[in-house]
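Residues per chain are reported as follows:
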Amino acid sequence: MKRFKKIVALVAAIALCVVPFFSASMTVKAEGPKTYSIDYVEGLGQWRYQEGSWTDGNFHRELYYMYQDIKDGDIVVISGNKDFTLDLNVRLSNLTAHSCGTIVVNAKGIDKVYIMDHCTIAINGDVTYAEVYGSSKVNFNNNVGTLRVLEEKENILHATVAVVGTVDKLYAGGKDYKHYEFYNFEANSLRIVDGALKT
């Protein structure tokens, strides 16, 4: 009987220790988007990536690991003055390209695209919202929701843009005023050459 009481007391003590652990509330937080900054490393002759913003001299990895980890909703920033093709099997929340060579991006789709001055890029996948700056040359090979062609430093537009899909809304503006604004472009009808609408 003494042995039975000891076993019961031991089980009760364990239960008193374990119950508060399992009854405590746990905070669950969804993982937010990751930013993958991609740049060409001259010393290696390779395209590499860093998580977060790119910092020269910081640790960078082969793109192989990014391709394994990237998920829907992540962000990609591309710079590097070399030609490059990025094949992604995800939908990005944001794609930004600046100071780059000729880039081709293949994705399931992209929520927001920002193409900075002096980029040449082709984008495959529907785009919800896009901004094209300066003298960039951009080819959207699928549909675009809203497209804005902008110049921040002067009022003359220089961008060249073609859209193979449809465009819901187009806005073009310089530093001080709007050049034009149009809606509902049919598939493969929008062409802008050196800032001038040729549709």
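Everything discussed here concerns the structure shown above.
Residues numbered from 1 in each chain as written. Predicted model: local features only at pLDDT ≥ 70, side-chain atom pairs only at ≥ 80, totals over all residues. Heavy atoms only, no water.

### Considering the overall build of the chain
Across its full length, the chain carries two helices and 15 strands. When the 199 residues of the chain are sorted by exposure, 39% land in the buried category. Long-range contacts, defined as pairs at least 24 residues apart, comprise 22% of the intrachain contacts of the chain with a sequence gap of at least 6. Accessible surface computed for the chain: about 11,600 Å², of which carbon and sulfur atoms make up 55%. (Helix = DSSP H or I, 4+ residues; strand = E, 2+ residues; numbered from the N terminus. Buried < 20%, exposed > 50% of the residue type's maximum accessible area, 1.4 Å probe, protein only. Contact = heavy atoms within 4.5 Å. Areas by Shrake-Rupley, 256 points an atom, 1.4 Å probe, with all protein chains shown as cover.)

### What to know about the pattern of salt bridges
Oppositely charged side chains are able to pair whenever their charged atoms sit close together. Tallying each qualifying case throughout the model produces seven salt bridges. Salt-bridge contacts for K34 lead to E51; the nearest nitrogen and oxygen are separated by 3.7 Å. Of this pair, K34 sits in the loop between helix 1 (2–23) and strand 1 (35–41) while E51 sits in strand 2 (residues 46–51); the two residues are 17 residues apart in sequence, bridging distant segments of the chain. Among the salt bridges present, the one from R148 reaches E131, with a minimum N-O distance of 3.9 Å. Of this pair, R148 sits in strand 10 (residues 144–150) while E131 sits in strand 8 (residues 120–133); the two residues are 17 residues apart in sequence, bridging distant segments of the chain. (Salt bridge = Lys/Arg side-chain N within 4 Å of Asp/Glu carboxyl O.)

### Looking at the pairing of strand 6 (residues 91–100)
Strand 6 sits mainly inside the fold: seven of its 10 residues count as buried. Sheet topology places strand 4 (residues 75–80) next to strand 6; five bridges connect them, and they run parallel. Counted as the bridge partner of G80 is C100 from strand 6. When strand 6 meets strand 7 (residues 102–115), the two strands line up parallel, connected through six bridges. Bridge assignment links L95 to a residue of strand 7, and that residue is V113. (Pairing = 2+ DSSP bridges.)

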